[in-house]
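Per-entry structural report
Spelled out from the first residue to the last, the chains are:
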Number of protein chains: 2
Amino acid sequence: MKKKRPTIKDIARKLDISVSTVSRALRDAQDINPITKRKVVELADKIGYKKSVLAAGLASKKSFLIGVIIPELTVTFFGTVIMGIDEFLKPLGYDLIIVYSDENENKESDCIDLLIDRQVDGILISLSFNTRKDDHLRRAMEEEIPIVVFDRILPNSVLPIPRVIVDDFDAGYQATTHLINKGYKRIAFITGPTDMHISQERLLGYKTAMERNGRGTSADLIVPTIDLRRSVGTALDKLMVLKERPDAIIAFNDPIAFKLISLLHKRGIKIPDRIAVMGISGDAMGELFYPSLSTINQPAKEMGYIAAGLLQDRINEMKKAKDNGRVFIPMSIIRKLPVQLIEREST
Amino acid sequence: MKKKRPTIKDIARKLDISVSTVSRALRDAQDINPITKRKVVELADKIGYKKSVLAAGLASKKSFLIGVIIPELTVTFFGTVIMGIDEFLKPLGYDLIIVYSDENENKESDCIDLLIDRQVDGILISLSFNTRKDDHLRRAMEEEIPIVVFDRILPNSVLPIPRVIVDDFDAGYQATTHLINKGYKRIAFITGPTDMHISQERLLGYKTAMERNGRGTSADLIVPTIDLRRSVGTALDKLMVLKERPDAIIAFNDPIAFKLISLLHKRGIKIPDRIAVMGISGDAMGELFYPSLSTINQPAKEMGYIAAGLLQDRINEMKKAKDNGRVFIPMSIIRKLPVQLIEREST
C-alpha cells in the first residue's frame, strides 16, 4: 500500500537532468531539446507520473496555492508570521501549503522541489540557520515561480528577490542601549551561530552601542551558541568563569533567553539583581516568565503582511509582462521593519 | 488587482443550494437534478469559476494533498502533532495544506469548504473549543473525503469517523493522584470551558481520584475558564478568596498553568511551598519555567502518526470498495493514547 507517488524529481534523477528541464519538457515548452523532451515524457509515462500530465492542463493557469517554508513548526514567531500571510492572502483567494525545513539545508531544498511539483503560484520562505547556498531559490525562479524571503535571508545572494527583514542591527543596538541606560556595567552577548546573518547584525548593533557609549567591547563577553537549540549552558559557563562576571546578558533571541532564565534559577542567581537578562523577539510567552522578560519586539504579523504583499506585487508584475509579451526583469527589494523595546522585569 | 477567486461556495450561495450539490454538479455526477446541474454549470462559467473546470479532469484521480485543520497556529502541541502527521504522510507522497480555525466554529466550517474546493484526498482536524455541530464534517463525508478527528473531538457526533484522543480521564486522574501522594490536602482544579469534552473528561478523572482516596470534592475548588485564553486571573481570584485556600492547583492545560505560575509570582505566593501547580499537556516550555512545571505528558507526535495512519487506512478502504464496485460503509473508530506523569519542581 505504501507506494510513493513518482515526482518530477525522480524523473530528473533517473535521466540525470535538472528538475527545471523535466518540468519544461512536461509542459511542452519550446526552448528544450526534442530528444530530451521525448525521454522525459516516455519515462514519466512509464513510472506513472500522474500529477503533471493532469497539471499540464493547468500550465498557463493559476493554482492559487502559495507555498510557505519555515525552519520550525513550533516557534511562535513563525506561527505568527504565517497568520499575517494567511490574513493577507486568503481574501485574494489563495490557500497556503505550509512546509518546514527542520533547520536543514537539504530538507529546505526538497521543500522547494515539492512546491515546484505542486505548481504553486508563489513561495514565501524563511531560511534554515545553516543555509548558505541559493541554488534552490534559483531553481524556483527558473520555473517562473515568484519568491519572497522573510526574516532569515542570505545577505550575499545576488538573486533578484524581494526580502523582508527586521532591523536586526537596531535590535542589538536598542537592547544594549537599554541595559546601559539602566546602569549595567558589564554587558555580555550570547549570539547565534557566528556565520548567521541576523546574528552578525545584532552583534554589530551591540558593539556599536557599546562603543558609542565609551564602553569598548571585550571579546570574552561575546559567546556564540553552536546552533539555536542547544549549547546555551556551555555559553553561560564561559561567562560565569570570567574573573569579572557580566551583570547583564543579551540573548540572541527569546527562546535562548528563556533557557538562560531557567539556568540562572537553577544556579541560584537572582534576576535581575545579580544578572539581568534581555531577549530579542517579542515572544508572547516572555510575559509569563519569572521574572518577565524584557525584549526587543519584532513585528511578526506585520512581517507576514508585507512579505505577502511583495509576493502579490511580483505575481502581478510577472503576469503583466507576460500579457504584454515583454520579458520580466526581476529586481531586488529589501524591506526593513522597525523594532521596539518592551521593558519588563528581567532588566 | 485584488479580485477574489470565485469558489464553489460562491456558486452555492448564489443558487441557494449546498456546496456538496455544486461540487457534484461540476463533476457531472449522476445523482443530481439536470436542471440544477445546468444552473450550476452556467453560473460557474459566468463568474469565471476556473478551478473546478480544470479539476473536473482530476475527478477520479488523487490530488495527494491532505488538509490539516488546527484551532491555533501558535500552540506547540498542535505544531508537534503536525510534525508527526507530516513524517508519516510525506514518504507516501502526500503534502499538507495547513489551515487554522482560530478557535471559531464558523471559520472552521469555511476551512472545510476550502479543502473540499481543493479536492484534498483526506482531512485531519482538531476542533475549535466552541464547535458543537458536525454539519461541516458531514459535508466533507458527502464529498467522499475521508476525515479523521484528533485531540478535540465531538463526543456526541454519530458520524462514523475515526478519532484519536489521549486518555483525558486518566490525565486528570494521574494529576490528582500525584498531588495526593505528595501530601497536598486541598486540591483545586481550573477547568476549561464546562461544555468542552476533554475538559469534562479531565474533571471526571480528578473527581474520581479524589473520591477513591476518600477526599470527596468540594464545588468551590472547581472553577472554569470562560475560554482558553483569558480569565485565568478570575479563576485564581475565586480560589484565593475561599476561607480555606487550596494548597495545590491543577490547570486544564500547560498554557493555563504557565499563566498561573506567572500570576502566583506576581502575588508573591511561593510555588510549590504555598501552592503547588500541576499542568496537563507536556509542553516542552514547562521545563524552562521557574519552578519547572510538573505535567501529564500527551504524546503529541505519536498522535500525529496514528491519526495519519487511520486516514491512510480509510483512503485505502474507500478505494478498495470503489474498485470492487461495493458501497463503502464507514465505521467509527476511537484510539485512546496513554498519558504519562512528568514530575518537576512545581509540585
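Rules used in this analysis
Every chain is numbered independently, its residues counted from 1 as its sequence is written. Labels are handed out in written order, letters beginning with A for the chains and numbers beginning with 1 for the ligands. Confidence filtering applies because this is a predicted model: local features only for residues at pLDDT of at least 70, side-chain atom pairs given and counted only at 80 or more, and all residues used for totals across whole chains, interfaces and linings. Only hydrogens and water are set aside when side-chain values are computed; all heavy atoms of the structure are taken into account. Secondary structure counts use DSSP, requiring at least four H or I residues in a row for a helix and at least two E residues in a row for a strand, with both numbered from the N terminus. Whether a residue is buried, partly exposed or exposed follows from its accessible area with a 1.4 Å probe, protein chains only, as a fraction of its type maximum: under 20%, in between, or over 50%, in that order. It only takes one pair of heavy atoms within 4.5 Å for two residues to be counted as in contact. Using the Shrake-Rupley algorithm and a 1.4 Å probe, accessible areas are obtained, with residue cover drawn only from the displayed protein chains. UniProt positions are given in the numbering used here, feature names are shortened, and annotations may be inferred rather than shown by experiment. Here a Phe, Tyr or Trp ring, Trp counted by its six-membered ring, pairs with any other such ring whose centre lies within 6.5 Å, and the pair is stacked when the planes are under 30 degrees apart, edge-to-face when over 60, and tilted otherwise. Two parts placed together each lose some accessible area; with a 1.4 Å probe, that loss summed over both constitutes the buried area. Salt bridge, as applied in this entry: a Lys or Arg side-chain nitrogen positioned within 4 Å of an Asp or Glu carboxyl oxygen. Buried Ala, Val, Leu, Ile, Met, Phe, Trp, Tyr and Cys residues that are joined via side-chain atoms within 4.5 Å together make up what is termed a nonpolar core. Paired strands are those between which DSSP finds at least two bridges. Only the contacting stretch of a helix is used when fitting its axis, a line to C-alpha atoms as for every element, and angles between N-to-C directions run 0 to 180 degrees. Residues reaching a pLDDT of at least 70 in both copies supply the C-alpha atoms on which the copies are superposed by least squares. Seen with the strands pointing away from the viewer, any crossover whose path from the first strand over the helix to the second strand runs clockwise is right-handed. Segment limits for the domains were obtained from an automatic or database-derived domain assignment. Polar contact is the term for a pair of N or O atoms within 3.5 Å; when the atoms are in protein, one must be able to donate a hydrogen and the other to accept it, and sequence-neighboring residues count only if both atoms are side-chain atoms. Orientation is classified from the angle alone, with under 35 degrees giving roughly parallel, over 145 giving roughly antiparallel, 65 to 115 giving roughly perpendicular, and any other angle giving oblique. Note on convention: near helix rotated counterclockwise from far helix by under a right angle means a left-handed crossing. Clockwise means right-handed. Only Asp, Glu, Lys and Arg are considered charged in this grouping, and only Ala, Val, Leu, Ile, Met, Phe, Trp, Tyr, Cys and Pro are considered nonpolar; every other residue, Gly among them, is considered polar.

Chain A appears in an unreviewed UniProt entry as LacI family transcriptional regulator from Flammeovirga pectinis.

1. Considering the overall build of chain A
Looking only at helices and strands, chain A features twelve helices and twelve strands. A total of 347 residues make up chain A; the buried ones form 60% of that total. Taking all contacts inside chain A whose residues are at least 6 apart in sequence as the whole, residues at least 24 apart take part in 72%. Of the accessible surface of chain A, which amounts to about 14,900 Å², a share of 51% is contributed by carbon and sulfur atoms.

2. Here's the deal with the UniProt feature "transmembrane region" (unreviewed entry) in chain A
In the numbering adopted here, UniProt assigns the feature "transmembrane region" (unreviewed entry) to residues 64-85 of chain A. End C-alpha atoms of residues 64-85 of chain A are separated by 14 Å, and the span's content is 45% helix alongside 27% strand.

3. With respect to the packing of aromatic side chains
Residue and element names in this part refer to chain B. Applying the stated rule across the entire model yields 14 aromatic pairs over all chains. For the ring pair F88 and Y305, a centre distance of 6.2 Å and an interplane angle of 85° mean the geometry is edge-to-face. Of this pair, F88 sits in helix α5 (residues 76-89) while Y305 sits in helix α12 (residues 300-323), and the two are 217 residues apart along the sequence. Here Y305 falls in the partly exposed class, since its relative accessible area comes to 35%. Relative to F289, the ring of F258 lies with its centre 4.3 Å away and its plane at 5°, an arrangement referred to as stacked.

4. Focus: the side chain of S281(B)
Residue and element names in this part refer to chain B. Tracing the backbone through its elements, the reader meets S281 in the loop between β9 (276-278) and β10 (295-297). By relative accessible area, S281 is classed as buried at 11%. If we ignore the near neighbours within four places in the chain, the residues touching S281 are N253, D254, P255, T295, I296, N297 and Q298.

5. A word on the interface of chain A and chain B
Each partner contributes to the interface: chain A provides 46 residues, whereas chain B provides 46 residues. Buried surface at the junction of chain A and chain B, both sides included, amounts to about 4,300 Å², of which 66% is carbon and sulfur. Put simply, chain A and chain B have two salt bridges between them. The residue R118(B) makes a salt bridge to D95(A) at a minimum N-O spacing of 2.7 Å.

6. Regarding the nonpolar core
Ranked by internal contacts, the top residues of the largest apolar core, which has 160 residues, are L89(A), L124(A), F150(A), L89(B), L124(B) and F150(B). Excluding its chain neighbours within four sequence positions, the residues that come into contact with L124(B) are I66(B), G67(B), V68(B), I69(B), I85(B), L89(B), V148(B), F150(B), A307(B), A308(B) and L311(B). Listed in part, the 70 residues of the second largest apolar core include I32(A), V40(A), I112(A) and I153(B).

7. Focus on the sheet that holds strand β7 (residues 222-224) of chain A
Residue and element names in this part refer to chain A. The four strands lie next to each other as β7-β6-β8-β9, forming an open sheet whose pairing is parallel. Bordering the open sheet on either side are β7 and β9 (276-278), each of which pairs with just one other strand. The mean angle between the axes of side-by-side strands here comes to 20°, regardless of whether they run parallel or antiparallel. Relative to strand β8 (residues 248-251), strand β6 (residues 187-191) runs parallel, the two sharing four bridges.

8. Some details on the relation of the copies chain A and chain B
With an RMSD of 0.1 Å, the operation that places chain A on chain B is a rotation of 180° combined with a shift of 0.0 Å along the axis. A rotation of that kind, with that shift, is consistent with a two-fold axis. Taking C-alpha positions as reference, the residue of chain A nearest the rotation axis is I97(A), located at 2.3 Å. The fraction of interface residues of chain A whose copies in chain B are also interface residues reaches 100%, indicating that both copies meet through the same surface.

9. Regarding the pattern of salt bridges
Residue and element names in this part refer to chain A. Enumeration according to the criterion identifies 28 salt bridges over all chains in this entry. Between K90 and D86 there is a salt bridge, and its shortest N-O distance comes to 3.3 Å. Judged by its relative accessible area of 29%, K90 falls in the partly exposed class. The exposure class assigned to D86 is buried, which follows from its relative accessible area of 9%.

10. Considerations on the pairing of strand β3 (residues 122-125) of chain B
Residue and element names in this part refer to chain B. Burial along β3 is two-sided: G122 and L124 and I123 and I125, pointing in opposite directions, are all buried. Bridging between strand β1 (residues 65-70) and β3 involves four bridges; their strand directions are parallel. Paired with I69 across the two strands is I125, which belongs to β3. The parallel pair β3 and strand β4 (residues 147-150), bridged by helix α7 (residues 135-142), forms a crossover whose chirality is right-handed.

11. Looking at the domain arrangement of chain A
All names here are of chain A. Each assigned domain of chain A is listed with its residue range as follows: domain 1 (8-51), domain 2 (61-166 + 300-338) and domain 3 (168-297). If you average the C-alpha positions of domain 1 and of domain 2, the two centres end up 25 Å apart. Domain 1 puts eight residues into the contact, and the matching count from domain 2 is seven residues. Put simply, domain 1 and domain 2 have zero residue pairs in polar contact (both at pLDDT 80 or more) between them. Listing elements by their share of the side of domain 1 that touches domain 2, those giving two or more residues are α1 (8-15) and α2 (19-26). Broken down by element, the side of domain 1 that touches domain 2 gets its largest block of residues, three residues, from α2.

12. Focus on the packing of α5(B) against α12(B)
Residue and element names in this part refer to chain B. It is the contact of α5 with α12, at a shortest axis distance of 7 Å, that shows an interaxial angle of 45°. Taken together, the axis directions place α5 and α12 in an arrangement best described as oblique. Both α5 and α12 take part in a crossing whose hand is right-handed. Along the contact surface, α5 presents F77, T80, V81, M83, G84, I85, E87, F88 and L89, while α12 presents A300, K301, M303, G304, Y305, A308, G309 and Q312. Classifying every residue of the contact of α5 with α12 gives ten nonpolar, five polar and two charged.

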